[in-house]
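So the chains spell out like this:
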Amino acid sequence: MGNFYAGQLRTTRFEEVLHNSIEASLRSTTVVPRPVFSQLYLERDRLPPRDGRTGNHDEDDEDGSDSNSPPIPYQMKPPPEGCCTTDGFCQAGRDLRLSSLAADHLDVPPGFMLVGVKSPSLPENLLVCAVDQRFLPDEHGHNALLGFLGNCMGCGEKGFRYFTEFSNHINLKLSIQPKKQKYLKYNLYRNSQGMLVKGAPICWMGHDIRIRQNGSDHSNEQPPNMALNHPSHTPGSHIDPVVPPQVTEAPHSLTNGTHAVSSFPQPPLIQSGAAKPAASVSHTTAGPPKKRHKGWSPESCANIQPENTLKTPPSSSPLSASSVPYVVTNGARSETTTQLSPPQGSPSPLSPPARLVTIPDQLLNTCRLQPIIFKGHGSLPQLAGNINDVIISPLLQSCYQSSQALPQVYQHYGPSPIQPLSTEMQILLTVYYLVQLGHNQVPLVEDLEQIFMRSWRESHLSEIRQFQQPHTPATQGRLYGIETPLGLPGLPQYLSPSSPQSHQPFSTSQLTWLAQLAASSSGECVVVLGDQIRSLAQGIQQTFSGLMEGRLKNTNYVVVIVTAPEQETQSCVIVTGKHQCRALAESMFSPIDGLREINHQLSTGVAQELIHYCNYLGQEGDLDSLLENATVENSESSSLSSSQESAEDRSAKTGHSPKESHAESLKESPGRNDAASSSKDTCQEFFVEWREVRPVQLAVARKLLSHVCAIADSSTQNLDLGSFDRVSFLILVPPSEVTFQQTVLNLWRSGILEGIDQECVSQREAERYVVKMDHGAQAQTDDLIRGAQSNSNTLYILVHDHAHWDINSASCSSADNSQGLADQLLNSRQIRDAPNILILHVTSFPFALQTQHTRISPYNEIHWPSAFSNDVDLYHETTRYFGLSELLELTNSGSGLPLMRYDSSFETMATALEEKFLKLHSAIIRTTALIQHYCVALMAVSGRVSDPHNLQKHTTVETLEIVHSLLTAAQQCPSRHGHMILLRIPSPALAAWAQRRLSRVRRQLGLEQSFEIILGNPSQALNIGQSFIDRLKIWMKIQDAEWVPRTYLELEALPCILILTGTEPLGESLPRSLKYCDLRMISCSYLQRTTLEQELGLAAYLVKADSRPPQNPGPGSDLLESDTEKLSSTDNEEEEGQEHNNSPLLSSQQHQPSPDSVTTDPVSGQNSTSPNVQKVATDTMQSPRQSQSQAQHQPHPQVQNYSQMSHLQPQPRSQNAPVSQSDSYPQGQALPAAQSRPQHSKSASSSLLSPWDSSFHLSCSWARGVSRPPSVLLPRALYDIITATDSSGLPRCTSFLPHMSVAWASSFRPLLSKMMTCTEQSLYYRQWTVPRSYHMDCSNRAEGRSDNFHPRRLLLSGPPQVGKTGAYLHFLGILSRMLIRLMEVDIYDEEDINCSPQVEGVQCHPSNASWPSIDIMRTMPFDYSIHDPRYDDVSPVYSPGCKPSAEANAVRQEDVYLRRRTSRMKLSKYAAYNTYHHCEQCHQYLGFNPRYQSLTQMCESTLHAFTFTHLSLGEEIQLYFIIPKSKEHSFAFNHSAGQLESMRLPLTSEWSPDCIKSPIFTITTGRHEHGLFNLYHAMDGASHLHILVVKEYEMAVYKKYWPNHIMLVLPAGFNGAGIGAAHFLIKELAHHNLELERSRRLEGGGPAGDVWPFVILADDSCAMWNAVDLDAHNGPAEHAVSLKQVVQHMEACPDVTHYGLCGIRKWSSRGCAGAKAREPFSKGHLHDFLLLNVDRSQNVQYDQKRFTCHDVDFTLRLNSAGMPVCRFNGFSVMKKQIAIGGYRTFIIKTKTTDVPTSVGPSQYVCAPDSKHLFLATPAHLLLEKYLQHTSQRLFPLSTKNHAHPVLSVDCYLNLGPQATLCFASSKPHSVNTSTAGLLFSGLLLCFADPFVTPGFLKKFSFLKGATLCVISADRSSLRQTVSRLELEEEWRFRLSDEFQTANAREDRPLFFLTGKHI
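Residues numbered from 1 in each chain as written. Predicted model: local features only at pLDDT ≥ 70, side-chain atom pairs only at ≥ 80, totals over all residues. Heavy atoms only, no water.

### A short note on the overall build of the protein chain
1) Next: The number of helices and strands found in the protein chain is 60 helices and 53 strands.
2) Next: Classification of the 1958 residues of the protein chain by burial places 58% in the buried group.
3) Next: At a minimum sequence separation of 6, the contacts of the protein chain that also span at least 24 residues come to 76%. (Helix = DSSP H or I, 4+ residues; strand = E, 2+ residues; numbered from the N terminus. Buried < 20%, exposed > 50% of the residue type's maximum accessible area, 1.4 Å probe, protein only. Contact = heavy atoms within 4.5 Å.)

### With respect to the sheet that holds strand β27 (residues 1271–1274)
Think of a sheet as strands paired side by side through backbone hydrogen bonds, with each pair either parallel or antiparallel.
1) Next: With respect to topology, 6 strands assemble into an open sheet ordered β21-β27-β25-β22-β24-β23, the strand pairing being parallel. If you trace the sheet from one side to the other, it starts and ends with β21 (900–902) and β23 (1012–1016), each paired once. Ignoring which end each strand starts from, the neighbouring axes of this sheet average 20° apart.
2) Next: Where β23 lies against strand β24 (residues 1056–1060), 5 bridges are found, and the strand directions are parallel. (Pairing = 2+ DSSP bridges. Axes fitted to C-alpha atoms, helices over the stretch in contact; angles between N-to-C directions.)

### Considering the packing of helix α31 (residues 922–942) against helix α32 (residues 957–969)
1) Next: For the pair α31 and α32, interaxial distance at closest approach is 9 Å and the crossing angle is 50°. In terms of orientation, α31 lies oblique with respect to α32. Helix-helix and strand crossings are classified by hand; for α31 and α32 the assignment is right-handed. Every residue of α32 that contacts α31 at Leu 930, His 933, Tyr 934, Ala 937, Leu 938, Ala 940, Val 941 and Ser 942 is listed here: Thr 959, Leu 960, Ile 962, Val 963, His 964 and Leu 967. (Parallel < 35°, antiparallel > 145°, perpendicular 65-115°, else oblique. Left-handed = near helix turned anticlockwise from the far one by under 90°.)

### Re the pairing of strand β4 (residues 184–190)
1) Next: Counting buried positions over the 7 residues of β4 gives 6, a clear majority of the element.
2) Next: With 3 bridges joining them, strand β1 (residues 112–118) and β4 adopt antiparallel strand pairing. Of the residues in β4, the one forming a bridge with Val 115 is Asn 187.
3) Next: Inspection of the sheet shows β4 paired to strand β5 (residues 196–201) by 4 bridges, in the antiparallel sense. Bridging from a neighbouring strand, Tyr 186 pairs with Pro 201 of β5.
4) Next: The turn linking β4 back onto β5 is made up of 5 residues, and Gly 194 within it adopts a positive phi angle of 80°.

### Digging into the nonpolar core
Side chains that are nonpolar tend, in soluble globular proteins, to be buried together.
1) Next: Membership of the largest hydrophobic core comes to 121 residues, with the highest contact counts inside it found for Phe 544, Val 560, Leu 1051 and Val 1272.
2) Next: With 9 residues, helix α11 (residues 423–436) is the single largest residue contributor to this core.
3) Next: Residues contacting Leu 1051, with those up to four places away along its chain left out, are Met 980, Ile 1014, Leu 1022, Ile 1024, Leu 1032, Pro 1045, Pro 1071 and Ser 1073.
4) Next: One finds Ile 1387, Trp 1652, Leu 1683 and Tyr 1699 within the second-largest nonpolar core, a separate group that totals 56 residues. (Core = buried A, V, L, I, M, F, W, Y, C linked by side-chain atoms within 4.5 Å.)

### Concerning helix α17 (residues 578–587)
1) Next: Burial runs high along α17: 7 of the 10 residues are buried.
2) Next: Looking at the packing, one finds that the buried side of α17 touches β9 (372–377), β11 (391–393), β13 (557–562), β14 (570–575), α30 (904–916) and α31.

### Things to note about the side chain of Arg 582
1) Next: With respect to the helices and strands, the residue Arg 582 is situated in helix α17.
2) Next: Judged by relative accessible area, Arg 582 falls into the buried class, the value being 11%.
3) Next: Apart from the residues lying within four places of it in its own chain, the contact partners of Arg 582 are Glu 914, Phe 917, Leu 918, Leu 920, His 921, Ser 922 and Ile 925.

Take a look at the structure:
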C-alpha cells in the first residue's frame, strides 16, 4: 500500500528499506526532519539500464514492470449483452476518441485530470477519460497512490475503482493484465483555440527511466528545444524558476578523448488545465559518491566541480525563459566556478574577511560595462576607488524585506505556524530565477516577488486556508477569483511546496551547494561564489578581478553567498552582463533624468561618432555623398539641394553636436502644386466625418448623470441640484498645444455651448473653457473659484482630462515644471469645500488614482462598457473599438501578419550598435539607427540615386515597407491622398534632430511636395508647409483664408511623417489615415502598466462595427494591398520554401485582382503571384536566432522604386526577384489543391466576404485603409512583455506596477484575474497599492477625516481614443438641460370652463381695488358655474340665465388623455419644494442636516393626543399631534402634566410683517416625497405654523421625510375615508381650538372675541403664487410673489372676519387677457387654496362621507347659508402636476382578492339580499361613482336637458356632465335659486335633513316620468323617509327599484330607492 512507483521497487534490501521510509514519511502527520540524503538524491536517482542497452525502445513495448518474465495471459470479462463493443466507444455507445471530443465541453470534477488512454486497437487515436490525479504521478514520477479512480467522459458514468473494470467499460480488449502504467499515456490539455489536444506523456517511473537513458545515449547530438516545441509555448511566456539538474549515474561516453556533454532536462512547465509537462531528458552531473550512506552530507563534496557543465550561448528569445538553448559540444570543459577561485595551494588574495573593497582602476574602460551591485542580505562593504564605475541598488533588498513581512491578516491572531520565507529560500529562488533568464533578458522585481509569494503561499497553504475560512472568507485570491496553483512552476520537486519535504527547511551549509548546482545548468551565465568566501567584500573583490581578467565575459550575474557558523547569511547579486547592466542602469533614471542624460550626451558631442558610423554604408560609400550626387527631376531643386546644407550636417562633419547647430532654413522647391487638381481628377472616395455622439457615449453620459443625481439624492446632502439653475465648466488638459486645440475643437463641434453659453459664437471664444495645465492655469482656476463663491446658483464642473498625467504632490514639485499643479488646484481647500464645484477626473489609466488613500469613492467610478463582458452589444454601435486587447488577440491568433509585431532585423542591428557604443544611451543609438534606416529607405524607394537596390541591405524590410507605402499611396489617388506614419521619439532633442535629418534627405531627393515631416512637440503648435495647408483646404472645402490645422485630426489623408515627442503622450488623437505606428524607439526601461499601455494607446482605432481584422487576409486586406506597394523580404531565402507550404497567407495571395481594380489601379496586377507578402510575414515571424544569424548574409531582391511608380504604368516582374514555390507555376494558373488550400478554410472564406475586402476595388489608398487599424512596430523586449501572459491568462504588463507614483502595499498580493471587471480591478488596486511620498493622495490619510473620499469627485475611465471626450461633453450638455428641467415644473395651464358673458355682468369693483367691499360682496350674485377645468366631467349647477357650453364639453370628452393641459414653468424664488430640495438655507427648516447635532435634537418630536366631542358624530374624536421641539412654542401645554391643551392663535388686532397669523393645514396622502411641503422660500422667511394632515398608516414615513414638520394624524377609522372627512375634522378641530383659545384668553384677562378665527386649507401641489400687475408696460402681467405676501394681503383685508370663505384664482397662461376689465373680486366656487373662517362657518360642515366634489358641495351650502364668499382674482396659484398619490386615486377591488379588478360602474350596486360580487371599497365612493357614470339610465329625462335639471336637496352629487343639477337648501332662511316655473326632471334626496318636509317638496314641480332617488344608510331609514315625506302620493315605486351598493353587510352598504313621478 501507499505510494507505488511502477518499476521503482528493487530487489535489493536497501531500496526496500528506502521505499518504506519514504512511505512512512508521507503517511506521517507530524513533520519529522529527514536526512538531506533522502531529500535531494535518493528519490531522484536515475539508474542506468541493467543490461546496458542503449537502443531506442517503443513506448508501447513497456509495461511498467521490472520483471523480465513473460506477460501473464488475461481473459477479459465478457461484455454485458446488448452493450456496445466498438473500438473507441464505451459500452454505453458513447464516443471516447480524442478527435471527436476535442471541441466538446467536458465536465471534469475537481481533483480529476483528463488523460489520454492508448488503445491497442486504435494506435492512431487516444481515448479520453478523467482520472483522479492522486493516482497519477507528478512530473518526477512520484506520489502516485496505489489503485485507480476514474470516470467515463462518454456516458458520464463515475466511480470506477479498478482499472480492470474501467478498461472493460471503454472496450480496450486486452489480452494481458490491464495496468494503468501501460495505458494511461498522455496528459490532455486545451490549446489557445480551446481544442483538446495531446500533451506531455505521463511520467511513470519505469518507463521514464528508459526514455531518459535513451536520450542520454545521444548526447553528442543536438537535443530538441522542448519548450519551443511544446504546443502551449509561446515566446515571451511567463517566467518561472527552472528545475535544478537531476543527478544521474549514466557513464560518460568519451569522444576523441574529450568528455561529451550530455543533454539537459527541460524545466517542467505548469500548464493550464490538466496538462502535464513534457517528458525531459536527463543531465549527467558530478555529485555525491555512488555508494552513499546515511552519514554523507553535501558539505563533504562541496568543492567537487562538475565535469560536464553546460555552456549556454546567447538565448534566442529574451523573455522565453523556459526555452533550452543549444548545447555546446566543443570538448572544452566549462570552468564555471573554478575560474573565480584561486588555484589550490596558492594563497587567496583576500583570505581574511575584509570590509573595504577597492574598485580597480579603468574598470569601466577595461570591461566596457558598469557593474551593478544589488544589495541582498546583510550590509555591503565600503567601496573605495573610482566609485562612479559601479552602481549600487537596494531594489533586491527591498524585495527581500517586503516578502518577509507577513500580511497583517495573519499577524492579528497571535502565534501561528505561518512564517515568512527563510533567507536561504529567498537566495535559492533568486538563483533559480536568474538561471532561467535569457541572454538578453533583464530581471524584473515583479517576477521575483510573484515567485516568493507563490512559494510562501504554497508552503503554508493549509494554514492560510484555516485563517481564510473563519476570519477572512473573501480575501486575496478568493475575492478576485484567483485559483491557487497546486505547485510552484519551475521549482524542483523537493523544494515544491506541494511535497512533504518542502516543510523541512534545508540548512545553511546546503545553500551554497544547492545554488551552485542550480547555476551549473546555465553554463557561465550565472556564477555562484560561496566556497571559501568568508565575506561579501571578498566575493565582490573576486568579481572585480574576474571582470578585469576577462574571465566573466560570458557571465551575466554573479551571486555572492556568505555562510558562516552562528552568523546570519549574507548575499548580494552583481550584474556583469553588458545588456543587463545597460538596461538596469537606464531604468534607474526617472523619465525626466533620462531625458536630461540624453540631452547631456547630445550637447557634449559624444554621439557624433555614432552618427558618422551610421552614415557609412560600406561599399556604397557615405550617405551624405550619395545624397549630394542624387539625381533630382527639377533642376532648381537639384541645385538647391546641392548648394544648401543643413547646419546639422555641417556640425556633424566638423564634430559639433546637432544640438549646438543652428536650425536649417529650408526653401520649398517651386514645383507643381499637387494639391491643385482639376475637378475631374478629384478623388470621389474621400470624405470628412466628424463623428456624432455614439450610442455608447450617450450611455456613458447618462451614467455620469445618474451618479451625480445619486450624490444629490444621498442622505449626506453634499450636492443640492435643486438649488442650481445653470452649469459652467472648465476643462483642464495637459500642457500640449495639440491636445488643447483638439479639446477646443471637440467642444465647439459638440454644440453644448449653445445651451450653456449663448454668447460664445466662435471657436476662438470657446478656448476660455479649456485650460492647459501650465503656470497660466492658476489664474483661470482662481476666476472659477471666485465665480463659484459669488454665484451659488451655478454648478461648476471641473473636468480633469488625462488625469493620470500629473498626480504629483504640489509640496514635492519644483518650480521649473508644471508637475504638481493638479494637486495645487484640484485639492485646494477653496475647491474642495465649495458646495457648487464638482470634479470629474477623466483618464484611460485610472490605476494611479485607485490607491488606499484615494479621494474618489468606488461608488463614484464610471467605467466604459467593456467589449469583454459584451456591455457594448447593448448599444447599437456603428463602430467597433480596436485597442490593446484586440491587438493581442489578433497577434496571439497566429494567423496572418499581425498588426502588432517587432522588427527582428532592426533589433539585431541595434544590439550590435549598443555593444559597440557602450557609453551612449540606448535611445540615442536606436533613434540614430532607425532614422538612418528611414533615410536609406527614402533613397532606395525614391529611385533618385544611381543604384537604389544595393541600399536595401542597409535598412530593414519593415522600414522599406513603411516608406514605400508613404510614397506610393499618394500616387494612386487623383487628389494625392495618403497615409500618416507615426514615429514616437520621447526625447525632444532627438526628435528635433530626426526632423531636421529627414527634412534634409527629403529636400535633396526632391520630395518636398510628396509628403510632409511634422514635429509633434507638445509645447509647440503645428508647423506645416503652405502647400500642404492649401491641399487640406481643398479636401475639406474650407474657405477661410487664415485657416491652419491645429490638431492631428485635421491632417486627415495628408501623406506625412509625424514625429511625436515628449516623455509620454498627452492625449493627442490621431487621424484615421494613420497606417503605421512606429514605436521602435520608445524606452524599454520604465515597465509600468500605465507607461506601456498609453504608448500602445496611440494605435487605438475605431473601425466599422461590421469590420473584423482578417484572420487570413483576403484581397482587401492590408497585406494584399501591398501587392502594389509592399516590398520583398530581406530574410533568408532558404526557409522561404519551407514556410510557404504552411503559410496562412498563401491562399490570400492567389486571388487575382478584379478587372475593376486593374483598371483603376494598373499596378495592382503586376505582383499578384509575387511572394512579397509571404516574405514580409517570414521576416516578422521568423525565430530571432535566424534573423540574427542571417541578417548579414541575406540576398536583397530588387524593389520597384518610387520614380517608376510615379508613372503608374504596369511593370514586368523583376528578374532578380526571389523565386518561391508559387513562382514555379504560370502566372495565370492556379496552384495545386494541396498548396492552394488555406489552413483555415473558414477564416479564409470569411475574409473574402469581410467588409475589409470590399474596399479593395477603391483607387484611393486612403479609402482602402480607412477602416483598418494601423500596424504597430515595437521593440523586441516590449513585444515579448506585452504578448506574454501570466498564470491568470492576462498580459504580463497588467501585473506590473500600475504607475511610478504608487507602490505595492505588500508582496503577498494575488495576480489580477482575467475575469475581473473594471470595478473589480479598481477594488484590487485600492487594496494593494499605496501612494508614494510625492503622490498627491499621500497626505489624504492624514487629514483627520473618517471618510477620505471627496463627496463631489467622480472618475471616468475608458480605453484610449474610445470617445471619452465626447461622452463627458455630452454629459455637460444633458446636465445643463437637467438643471433647467429641475428648475422647471409642469404646471396645470387650463382656461376656466363654463364661462359666459351673462354671468360676468357689470363690474362692481374698480380694477385697481386692493380689497373687496363687504357691502358689494353681499349684493353680488353667486356664480353657480364651476370654472375649474378639473371638474369638466361633473354635473353643471343650474343658474337662471346661464347655459353650459355643449361644444366645450364634447371636445373634452373626445380628448380624454390630453384634457389636463400643462406648461413648463421655471420655479421662482418663492416656490414650494418637495423633499428633494435641500439647499443650505433650508437645512434648519427641514431639520436633518447631519452637521448640526443641536438641530437634530431640536427635531426630536413628541406625540400628543387631542380629544374633542362632536355632536354629529355622537362620539369623542381623538387626534394625535406630532410636534417637534422646535415647534412647541406654537402650542399651549398643561404645565403640571405636560398635556396638550390648544394650538396658540394670535389676536385679530395683532400684525407683524414677519408673521403669518393663519395656521396652514395641508391634507396629503401618498406624497411623502413629492408633496410640496417645504414652504421656507415661499414664506420668504416669515414665521408660520404649517401642519401636515396625514393618515395613521402613513405617519412613520411622513415623519421620516419631514422630521421638522408638525403632523396631525387622523384616527385609524379614517384610513379609508375620503378628503371630505379630512376637511371635516380639520374644520371641527379648528373651531374647537378656537373656543379653547378664547377660554385661555379669558383666563388670561384678554378679549375673547378677538382671537384670529381663520385657518388655511392648502393643497399639497401648490407650487407658486402670482400677482397681477396692472401697471405693466405691455398690459396686465403676472409676476411671482411669495405666499407670505398673498396671505398677509388677504389677512389685512378690511372686514375680513365677515367672510365665511376666501380664496384665490387658479393660474392660467391666458388668465391676464382682459384683466383690466375683469372684476378683481368675485363670488363663486373656491378650490385648492382656501382661507376659512371657522367661526362664521360654524353651522356649515364639510360632508365627512364625500370622496369627490366635496368643495363644490361645501361652497354651495355655505352660500345658501348667507355666508359671503370672496375670490381674490388679483392673485393666482400654480398647481404642480404630481402623478403620484393624492385623494383622487381610487382603487376598486373585490373582497376575494387584493388585486385591482376591472369592474364596471353597473356592478357598483346590486339588489338587496342578492348574490352579488361584493367589493372592498367604501360604500359612499361606490355610490358617487355609480351616480356619475349611470345618470343617463337613472335620470333619463335630464340627459342634455339643461332646462329641466335634477333637483338636489341639501347636497351636491355628481351625476355626470350630461345632467344639470339644481341645488336647493331646506334650511330656514337659506338663499336658493329662483325656481318659479321650472319643471325638474328628477329629485335627489341624499340623507334627507329633518328640515325637508312634504311641504318643502311641494314647492317644486316635476315632469311626468321624472325620476326620484332617495338615499339612506339602511333599508329601515329609507322606508321611513318615504313615509315621512309622503312620497308615494306623487311617486310610483316598485320592489325592483330598490338597490344597495355592492358591499358586504359588515361594510355597511348604502341603500337607495328610485321611483317615477305620476
